[in-house]
Amino acid sequence: MADFIPHTPLETREMLEAIGVSRLEDLLAPYPSDHVLPDLSDIPSGLTESSLMRKMRSMAARNKGGGSVPIFRGAGAYDHFIPEAVSPLVMRGEFLTAYTPYQPEVSQGLLQVIFEYQTAMSNLYGMDLSNASVYDGATALAEACLVAHRQEGRSTILISDGVDPDVVRVVRTYVEGVGCTLKQIPLVSGQTSLEDVVKCLDGQTACFVGAIPTFWGTVEDFSGFADALHQNGSLLILHANPHALALLRTPGSWGADLATGEGQPLGIPLSGGGPYLGILTASRAFMRKIPGRLVGKTVDREGRTAYVLTLQAREQHIRREKANSNICSNETLLSIQALVTLSLLGPSGLREAAEGSMKNARKLRSRLLAIPGVSPVWQETPFFHEFILDMPMESTKLSRLLLSEGFLSGLPLAGYPSPGAESRMLWCATEMRTEEEIENLGHAIEKVLARHGGMKS
Amino acid sequence: MADFIPHTPLETREMLEAIGVSRLEDLLAPYPSDHVLPDLSDIPSGLTESSLMRKMRSMAARNKGGGSVPIFRGAGAYDHFIPEAVSPLVMRGEFLTAYTPYQPEVSQGLLQVIFEYQTAMSNLYGMDLSNASVYDGATALAEACLVAHRQEGRSTILISDGVDPDVVRVVRTYVEGVGCTLKQIPLVSGQTSLEDVVKCLDGQTACFVGAIPTFWGTVEDFSGFADALHQNGSLLILHANPHALALLRTPGSWGADLATGEGQPLGIPLSGGGPYLGILTASRAFMRKIPGRLVGKTVDREGRTAYVLTLQAREQHIRREKANSNICSNETLLSIQALVTLSLLGPSGLREAAEGSMKNARKLRSRLLAIPGVSPVWQETPFFHEFILDMPMESTKLSRLLLSEGFLSGLPLAGYPSPGAESRMLWCATEMRTEEEIENLGHAIEKVLARHGGMKS
Amino acid sequence: MTIRDEKQEGASRPDMHPTLWEISRPGARGVFPPDVSGSAVFGIPDVSMREGALNLPELSELEVVRHFTNLSHLSRGVDTHFIPLGSCTMKYNPKVSDKVASLPGFADLHPRTDPEGMEGLLEAMGTLSDLLQSLLGMDAVTLAPAAGAHGELTGILIARKYFEDRGETSRKVILVPDSAHGTNPASASMGGMVVRSIASKPSGHIDTLALEKALSQETAMVMITAPSTLGLFEEELSEVVRLVHNAGALVYMDGANMNAFLGVLKPGDLGFDIVHINTHKTLATPHGGGGPGSGPVGVKSHLAPYLPTPVIEKTDKGYSFKSHPDPRSIGPVRSFLGSTGVLLRALSYVLLLGREGLPKVALYALLNANYLKKRLEGVLPGEGPGLCAHEFVLSAKPLAAFGVHAGDLAKGLLDAGYYAPTIHFPLIVPEALMIEPTECESKAMLDGFADDFSRIVERAAAHPEELLSAPKRTPVSRPDEVLAARDPVLKEVTVPGSILRKH
Amino acid sequence: MTIRDEKQEGASRPDMHPTLWEISRPGARGVFPPDVSGSAVFGIPDVSMREGALNLPELSELEVVRHFTNLSHLSRGVDTHFIPLGSCTMKYNPKVSDKVASLPGFADLHPRTDPEGMEGLLEAMGTLSDLLQSLLGMDAVTLAPAAGAHGELTGILIARKYFEDRGETSRKVILVPDSAHGTNPASASMGGMVVRSIASKPSGHIDTLALEKALSQETAMVMITAPSTLGLFEEELSEVVRLVHNAGALVYMDGANMNAFLGVLKPGDLGFDIVHINTHKTLATPHGGGGPGSGPVGVKSHLAPYLPTPVIEKTDKGYSFKSHPDPRSIGPVRSFLGSTGVLLRALSYVLLLGREGLPKVALYALLNANYLKKRLEGVLPGEGPGLCAHEFVLSAKPLAAFGVHAGDLAKGLLDAGYYAPTIHFPLIVPEALMIEPTECESKAMLDGFADDFSRIVERAAAHPEELLSAPKRTPVSRPDEVLAARDPVLKEVTVPGSILRKH
Ligand SMILES: Cc1ncc(COP(=O)(O)O)c(C=O)c1O
Ligand SMILES: Cc1ncc(COP(=O)(O)O)c(C=O)c1O
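A quick note: this is a predicted structure, and the numbers were derived from the prediction, not measured. (Residues numbered from 1 in each chain as written. Chains lettered and ligands numbered in written order. Predicted model: local features only at pLDDT ≥ 70, side-chain atom pairs only at ≥ 80, totals over all residues. Heavy atoms only, no water.)

Undergrad: Whenever I open this one, the overall build of chain A confuses me. Can you help?
TA: The secondary structure content of chain A amounts to 13 helices and 15 strands. For chain A, the C-alpha atoms occupy an extent of roughly 80 × 55 × 45 Å along the three principal directions. For chain A, the proportion of contacts with a sequence separation of at least 24, taken over those separated by at least 6, is 71%. About 13,200 Å² of surface is accessible on chain A, with carbon and sulfur atoms providing 50% of the total. Once the 40 positive and 50 negative side-chain charges of chain A are each reduced to a mean point, those two points are 2 Å apart. (Helix = DSSP H or I, 4+ residues; strand = E, 2+ residues; numbered from the N terminus. Contact = heavy atoms within 4.5 Å. Areas by Shrake-Rupley, 256 points an atom, 1.4 Å probe, with all protein chains shown as cover. Lys, Arg positive; Asp, Glu negative; His and termini not counted. Charge placed at Lys NZ, Arg CZ, Asp CG, Glu CD.)

Structure follows, in structure tokens:
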């Protein structure tokens, strides 16, 4: 019951007349007549706005979102605090319904915001520069690997098992297309050993990829990695959670050539998985080699500060098959969202949120370890706001049972590669969790274990 | 945990120095020292944004809003359709956080919108002009009565029992302050008899007030009222539901001198009772006598169309104790909301919504009358989208029971003046109700009656 | 038809945006309401049905969205500009408060829901009431009034009823300082009282002797704005209160300027019997271009029985409507409980700030006002070197010699990228410019404003013609107000779609 | 510091708004995150901790709100202006769709929630998938790709895997008409394929003979944009499809222009094996200043096994994740299920329009394009008098004699209050201006645009200097792009608060 077509019947008639046809359907003349106006009987009738809202509200009610279940799961998407001022600013029609700022004179607002986003990401990652975004964290890392591959044509990508296995799968999809191979470096107590990496280096090594923190929550020491890689003519790529970089050592400071990340933790709603924000930063040496849009500062004809899309010669619309990437639409609105969030929090707010997450993760861990049958996987390995525990029940089953108790538990690691295992769960607590929620979760687990018995208890 | 104070400690120090004091508290010197910095221990500590949201969400969850119970209640506040485009437009910061447009050069957007609102209300009520709003429908009617009183200094206000008794109470509060008396005209089968009115007319009659439709849902015939009143030197004031005027004869067409209404049905959320929108319209003769702001069209120095606040000599900031009213802040944002809603619906949409309400009200009435023990109060009196029924149970009790079944029933009329009564309910159905909801309500009533027994069944 | 962009050269500022009626296209449709099936025979006699067309705009949804989005660009709010409007407290309106008011459960709650179905709202309103009671130092609070002026009227009616009940029916006079806001005398009149104006001393303070002379058996109440509209705390307030009470009258505080006291001074402690505050000033609820506001009123215990209905009370089971309100109540002053959408924002603000943040509001409001006053010292004459409260008044009188008035300075400030101060108020200061920075503006903003203000005053003396033709950088230049009032055009009378007929 | 208003005289357009870093005030605070108690000793060795300050802006909440609100005024969107960008389908983005995506249950859903906790989302995505399958006339659909180009890459990888599985590993060539969007060849390269460009006929249509010659045992796929980027439906499409299939290759449809077909023509019926669409064009999801988009891909049954994971399937219990995806799948192309926030908007759009509204989209898109084409006939040369599809291309070449280029006309249109058409694309038309009005613009808007366009072209010939100095009514004039690229400044390097140091 909506079509967003403004025409009155009279206007339609006048326009058809001006064109010189008599019916709307006459405009289909260039199309193959045997296929036009196909049967649409399998498409339902249009809904009014209020019927649509009813329908979608009832679908939404069948999901267990953070508003109905406290979230103790992370694994690449995090329930962080989003200031209420973010949405009214980001959703302003001027930003929301703008196109890519190809006409700079009427896009200065957007261009300046992107420029500021690039600044924020450069500073957060400790890197020289950032592009204007790519699709998500996984594709950001895949694109970075392709930059490394193109650099010297080398085709082996070493990747730490600390990187999210699901991200690794996306990287695989991307890089195998151009004939690269991935080689995974196993973790030792949740950390990548430099020796293991060095052992794998050869003339085909394009890069090594590490994670900050790892998928399993641990924080690594990448001392010496950059030197070893650079000596071999290989690049260091670090895939980092931008939220964690409020406290953890930056990719830039570890000597990374390229650094990527999933921007979702910076004020972007969980939203069932997207749209998220692919962060891609680099050292200046790669300025003309990275994919994606870049906004630069310049002056207009009267010498006023002005912003423009720049270095477009890297992009598909100029370079076509020789472009650095095929990316065209990116995630601009989400980059604005991340920027607004960071501006509202400021460095202190971001740091406090990260510290709050770490505090809560430690409280959660203590509470869970107090449950008989729950045991740690690594005792001493430093971690950020996630950690693995061995649970006294098959993890997928435990997760389901806890969901029906009203909690989104840690991620069941059944089916995950090592250190995942049938009975293990990857737990997370952000600054959004309260002591009461942690305590209630503890009780719920105890209740569930008592009722259903544990696998090992 | 918020104070919205931008100062850094350094800035505060510099500013104190410039002023020539050493501590912030020194700025309190002009205040009586024995009272400054009082004990605030009964005020809780500040909350972070997320704690506030948690607290307020849990309060909100203890209310039964339209999202959790279908609303079959009206009686002055209606659950009409509000297009989703309304809120993002009205909540734009430029409108939301603006002050009264005293500086027209930087308020043209706001002024034009108010001018358009005045146009929409004039057209809807069939009146020559509208002001820029007053507080709500009740105070609008009270202000209109005061206009009538000031006109010739007459002090009797005849008011039909068709007017919402709660609105009448507000009018009483207002007019008794200036020494007027209210005289109520009873209804006959839900309608005011012209004869009854004429009988009451005398040299002290300032005006007669009728309602479109009445509080009890009925639609009246005001033929002859204007003439009879005008012959007596009295005014006709009609208090009309603007939504109903999509279909019903307008105050202007009945010959009203002033017409008022509650603007809530025009796209304003129920919001527990406010802020709502007081509509006040008039014939041109009263242009300089009505209260409230007026926006007029004029030209700027270069002859461009421009809008300004005009005829301000009526207002308190110029005329002080001789002003037409004390009103200063009004309900501008709500007037914008009503205008945006009307623009989105257009005349056809408003008409369809009103017709939808009438259709649903009739379906509801049939369904309820099919329940044994439920009986009509008036059989033939025309009605808009509300009607009274005699229910086979004390109405306050029935209402409570139905609320716990998940329905906001008709308004219990226990305690209301005639035609209200212990067992009567004022039912309403807007276009938002579905056949399913009506049917479910019917079942719920049957269930409740069966379980609890009816008073009369 | 081209809707011109608002970013224009001054020399060729285009005509205004067309109105909704000018772009209306008969037959065009926007949003469709719910589709209700069934017969359209309603049994209403023709005589009671609308005759003729309903002249509302007919537009597509996109046209409506564009119209209002583009018009919004032609207005300045706190979200876009510094608004130094004295007596208006244009502070930041937290977005989180908007969110709270829009929560399901609040926004979709029918005001006549049975009390069992509105426990959350009653708790919210009861809590706000208690908090205000404490902050105001009063014994009871009503949240009903819809704005400051409405609070004043409520206060007047309470006083009136109070004296009637005491048999002192001759107490019909309300004394109001001449520096008071226009709503004070207007509210008194509306409440059927007689207004007497009390001249202020040259310093702007209440003339205590004049007041004493004016007090009589007929005096019902004295309305005092505190701090005054000049931003001054009455030197002799305690004496004034004593005199009024001795005369058997009540003392009312217009608390529109409560931002100067919030958390640092309780009106009740000063002896006031009644006080109203403006949530849309002190408690950071948005002004919305002129409203909605909300004007809670606090009273001392002797006046509590007179508060308007409905009354919320705290019982051991929580907050609920008082089922048997005091028969002495003045009755309801508006429909329903209050502007709860506004009051929820006020509550959110108070809860966010808490006991730590609330006194900072007043302290920093004083800091900003005094700092800016200092920075503008010597630029234009003001009240002298002492400390002001949350705002201060300057006089543009020295510029009159150049033909420049307060209003012209205001226009210059518009061009400089600000909203203007309040002008021509209070009436007792010739060519008044009343400046209130609020606690929310940064030192950087105040410094920029002071620089621009000083520059404008300098140029006003040197090149008055420049200022007289300001503003130049706004969508329109000065509108012809005389023309507007001569034969007022108060609504659009264009035939729908007129602007489109060009084609 | 004064943040200047954007409404300015051209002659004195002020410098840009300062950046967040320029107005940053070290020590200032905005919003506080949740307050978590407990020890801040975390057991992380110093070597792994951040060293040095985190250089992010420090501002009050109000400063942040003002910054972004004012910056928004410097950008044009569909909500403010007509955006006739060819190949971009800048149609109205329904506000109700934004609301749907923000509903609790959708917006706060963790992507790794157990399937039992995301039944509603799975139903939504499954339903959209089914609807698209029908509208595209394909046998299976993936919603994973994050944009059109991402859909293309997905399609390329599917084709590659398909031929690998068939043992036809030599099929590595992708043929792409030279009128194609840059993403087509770029995606092919990224998928490890070899790109060959096919020259178009002067008419803009595919040169079938040239194509036939190019086809070989090495051809994996031919990528065809339909309607083409010139707004033309390929005359010999069925022949082309036949030839490609005969050569054992696949035919890919770049469906970015699907708005011309929606509900009136199903790509599957035309013989395409793979098609992607851009929800941010055809299905009215907002472009967001450059993204997010979403690029669902439909395939015929022989390619269904290759679709990326995760796969949603319909069972008798509703929609669920396929627990054992086909081992032939190309694997995941992004994290999680898809850009569900975008896809929910696309679903809302399709459900609102339904079977009645969907074909109207294409019909009115054709109506608007053909009407505007007619109105501009004779103003600049185009493709000739025949019917176009949803857009058309003009060439500004005749103006080259006056030194005026397509880009200059674009700047003139900015001054007239529009966004510009797409320029310099497709590459095969010299001085191309590609105009796509979409179905959402009114006749009045198109008439105004046609008048202004014609006037600008006229003045371009008579007074080229005027156009060469355009735009004049925008916040800045033409930026120096050469300077920008010479030694690129890609981030703010100012010391925080630099702009404030003036005081
Ligand atoms: C001192 C003073 N009193 C009263 C009022 C009236 O308040 P309202 O506009 O909310 O009615 C104002 C409003 O500006 C004011 O400044
Ligand atoms: C014809 C065509 N193909 C592909 C694309 C790429 O789509 P996206 O920007 O979503 O990656 C576009 C975008 O403009 C296009 O116009």
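Next comes the rest of the description.
Undergrad: I tried to follow the overall build of chain C on my own but got confused; where do I start?
TA: Each helix and strand in chain C was counted, giving twelve helices and twelve strands. Relative to the compact-globule value of 23 Å for 503 residues, chain C shows a C-alpha radius of gyration of 26 Å, a close match. Considering only intrachain contacts with a sequence separation of at least 6, the fraction spanning at least 24 residues in chain C is 72%. (Rg over C-alpha atoms; globule rule 2.2 N^0.38 Å.)

Undergrad: Even after reading the chapter, I still don't get the pattern of salt bridges, so can you show me in this structure?
TA: Enumeration over the complete set of coordinates arrives at 105 salt bridges over all chains. With a closest N to O distance of 2.6 Å, E441 of chain C and R66 of chain D form a salt bridge. On the criterion of chain membership, the pair formed by E441 of chain C in the loop between β12 (432–435) and α10 (443–462) and R66 of chain D in helix α1 (residues 61–72) is interchain, its members lying in two chains. Across the pair, exposure class does not vary: E441 of chain C and R66 of chain D are buried alike. Through salt bridges with shared partners, a single ionic network connects E14 of chain A together with R375, K443, D447 and D451 of chain D. (Salt bridge = Lys/Arg side-chain N within 4 Å of Asp/Glu carboxyl O. Buried < 20%, exposed > 50% of the residue type's maximum accessible area, 1.4 Å probe, protein only.)

Undergrad: What exactly am I supposed to notice about the site of ligand 2 here?
TA: The environment of ligand 2 is formed by 15 residues, the closest being S329 of chain A together with S87, G148, D254 and H280 of chain D. Ligand 2 sits at a junction of chains, with neighbouring residues supplied by chains A and D. Between ligand 2 and N278 of chain D there is a distance of 3.0 Å, counted from an oxygen atom to a side-chain nitrogen or oxygen. H280 of chain D is positioned with one of its side-chain polar atoms (N or O) 2.6 Å from an oxygen atom of ligand 2. Summarising the interface, the protein chains cover 99% of the accessible area of ligand 2, which totals 390 Å² for the free molecule. Tallying contributions element by element places helix α4 (residues 148–165) of chain D first for the shell around ligand 2, with three residues. (Near = heavy atom within 4 Å. Polar contact = N/O pair within 3.5 Å; in protein donor to acceptor, adjacent residues only side chain to side chain.)

Undergrad: Explain the packing of aromatic side chains here, please?
TA: When we look at a pair of aromatic rings, we describe it by the centre distance and by the angle of the planes. If you walk through the whole model with that rule in mind, you get 40 aromatic pairs over all chains. Seen in terms of ring centroids, F4 of chain A and Y349 of chain D are 6.3 Å apart; in terms of plane orientation they differ by 15 degrees. Their pairing is stacked. One end of the pair, F4 of chain A, is in the segment before α1 (9–19); the other, Y349 of chain D, is in helix α8 (residues 340–375), on a second chain. No difference in accessibility class separates F4 of chain A from Y349 of chain D, as the two residues are buried. Taken together, the ring pairs connect F208, F222, F225 and W254 of chain A into an aromatic cluster. Seen from the ring of F72 of chain A, R433 of chain A lies directly overhead, with NZ or CZ sitting 5.9 Å from the centre. Directly above the aromatic system of W254 of chain B lies the positively charged group of R249 of chain B, at a separation of 3.9 Å from the ring centroid. (Phe/Tyr/Trp six-rings, centres within 6.5 Å; stacked < 30°, edge-to-face > 60°. Lys NZ or Arg CZ within 6 Å of the ring centre and 35° of its normal.)

Undergrad: Got a minute to help me understand the pairing of strand β13 (residues 386–390) of chain B in this structure?
TA: In the case of a regular strand, side chains alternate between the two sheet surfaces. Residues and elements named next belong to chain B. β13 sits mainly inside the fold: five of its five residues count as buried. Here β13 shows no split at all, with E386, I388 and D390 on one side and F387 and L389 on the other all buried. In terms of strand pairing, strand β12 (residues 375–376) meets β13 through two bridges, oriented antiparallel. Considered in β13, the bridge of S375 is made with D390. Where β13 and strand β15 (residues 424–428) come together, five bridges link them in antiparallel fashion. Note on β15: the bridge partner recorded for F387 is W427. (Pairing = 2+ DSSP bridges.)

Undergrad: Explain the side chain of H80 of chain A here, please?
TA: Residues and elements named next belong to chain A. On the secondary structure map, H80 appears in the loop between α2 (49–61) and α3 (86–90). On the accessibility criterion, H80 (5% relative accessible area) is buried. Each residue touching H80, except ones within four places of it in the same chain, is listed here: H243, P265, S357, H385, T430, E431 and M432.

Undergrad: It is not clear to me how unusual backbone geometry should be interpreted in this structure. Could you clarify?
TA: Glycine aside, the phi torsion of most residues is negative, and most peptide linkages are trans. Note the cis peptide between G274 of chain B and P275 of chain B, where omega equals 0 degrees. Here P275 of chain B shows up in the loop between β8 (258–262) and β9 (278–282). Following F425 of chain D, the chain continues into P426 of chain D via a peptide bond in cis, with omega recorded as -5 degrees. Residue position: P426 of chain D is located in the loop between β11 (422–423) and β12 (432–435). Non-glycine residue F4 of chain B carries a positive phi angle of around 60 degrees.

Undergrad: Explanation requested: the side chain of S107 of chain A in the structure shown.
TA: By the secondary structure assignment, S107 of chain A is in the loop between α4 (93–96) and α5 (108–125). Residue S107 of chain A is classed as buried on the basis of its relative accessible area, which comes to 2%. In this structure the side chain of S107 of chain A is engaged in a polar contact, spanning 2.8 Å, whose partner is the backbone oxygen of Q103 of chain A. Residues contacting S107 of chain A, with those up to four places away along its chain left out, are P101 of chain A together with L74, S75 and Y419 of chain D.

Undergrad: Is there a simple way to explain the interface of chain A and chain D in this structure?
TA: Often the size quoted for an interface is simply the accessible area lost on bringing the parts together. With 198 residues of chain A at the interface, the matching set in chain D holds 202 residues. Here chain A packs against chain D, burying approximately 16,600 Å² in sum over the two surfaces, 62% of which is carbon and sulfur. Among the ionic pairs, R400 of chain A bridges to E116 of chain D, the shortest N-O distance being 2.1 Å. Inspection of the region where chain A meets chain D yields 108 residue pairs in polar contact (both at pLDDT 80 or more). Considering every element that reaches the side of chain A that touches chain D, the biggest residue donor is helix α11 (residues 332–369) of chain A, with 24 residues. When the residues that make up the side of chain A that touches chain D are grouped by side-chain class, the tally is 97 nonpolar, 54 polar and 47 charged. (Buried area = accessible area lost by both parts, 1.4 Å probe. Nonpolar A, V, L, I, M, F, W, Y, C, P; charged D, E, K, R; others polar.)

Undergrad: Is there a simple way to think about helix α5 (residues 108–125) of chain B in this case?
TA: Two residues of an α-helix separated by three or four positions point the same way, owing to the 3.6 residues in each turn. Residue and element names in this part refer to chain B. Here α5 is 18 residues long and its end C-alpha atoms lie 26 Å apart, about the 26 Å a rise of 1.5 Å per residue gives. Taking burial as the measure, the 18 residues of α5 include 18 buried ones, the bulk of the element. Where α5 terminates, the next one or two residues include G126, which has phi positive at roughly 65 degrees. (Expected span 1.5 Å × (residues − 1).)

Undergrad: I keep staring at the domain arrangement of chain A and nothing clicks. Help me out?
TA: All names here are of chain A. Taken domain by domain, chain A consists of domain 1 (70–82 + 346–452) and domain 2 (86–341). Distance between the C-alpha centres of domain 1 and domain 2: 28 Å. Contacts between domain 1 and domain 2 engage 33 residues on the former and 29 residues on the latter. Looking at the side of domain 1 facing domain 2, the largest losses of area belong to I82, L350 and F384, adding up to 24% of the total buried there. If you look at where domain 1 meets domain 2, you find six residue pairs in polar contact (both at pLDDT 80 or more). With seven residues, α11 is the largest single contributor of residues to the side of domain 1 that touches domain 2. Looking at side-chain class alone, the side of domain 1 that touches domain 2 contains 21 nonpolar, seven polar and five charged residues. (Domains from an automatic or database assignment.)

Undergrad: Mind showing me how you'd approach the site of ligand 1 here?
TA: As a matter of local geometry, ligand 1 sits amid 15 residues, with S329 of chain B together with S87, G148, D254 and H280 of chain C nearest to it. Residues near ligand 1 are shared among chains B and C, making this a multi-chain site. Contact between ligand 1 and K281 of chain C: an oxygen atom at 2.9 Å from a side-chain N or O atom of the residue. Notes on ligand 1: free accessible area 390 Å², of which the protein chains cover 99%. At three residues, the largest contribution of residues to the shell around ligand 1 is made by helix α4 (residues 148–165) of chain C. Of the residues belonging to the shell around ligand 1, the class tally is five nonpolar, seven polar and three charged.

Undergrad: Is there a simple way to think about the sheet that holds strand β14 (residues 411–412) of chain B in this case?
TA: Strand pairing in a sheet relies on backbone hydrogen bonds, with the paired strands running either antiparallel or parallel. Residue and element names in this part refer to chain B. Across the sheet, which stays open at both edges, the four strands sit in the order β12-β13-β15-β14 with antiparallel pairing between neighbours. Taken across any chain shown, the strands that pair with only one partner, and hence form the sheet edges, are β12 and β14. Running at roughly 45 degrees to β15, helix α12 (residues 395–404) makes contact with β14 and β15 of the sheet. (Axes fitted to C-alpha atoms, helices over the stretch in contact; angles between N-to-C directions.)

Undergrad: Before we go on, may I ask you to explain the sheet that holds strand β6 (residues 205–212) of chain A in this structure?
TA: Residues and elements named next belong to chain A. The mixed open sheet is built from seven strands, whose spatial order is β1-β9-β8-β7-β6-β2-β3. Two strands bound the open sheet, and with one partner strand each, they are β1 (129–130) and β3 (181–185). As paired strands, strand β7 (residues 235–240) and strand β8 (residues 258–262) are joined by three bridges and run parallel to one another. Paired with L238 across the strands is A259, a residue of β8. Each of β2 (156–160), β6, β7, β8 and β9 (278–282) is contacted by helix α6 (residues 137–152), which is oriented at about 165 degrees to β8, the strand it contacts most. Together, β2, β3 and β7 form the strand contacts of helix α7 (residues 165–177), whose direction differs from that of β3 by roughly 155 degrees.

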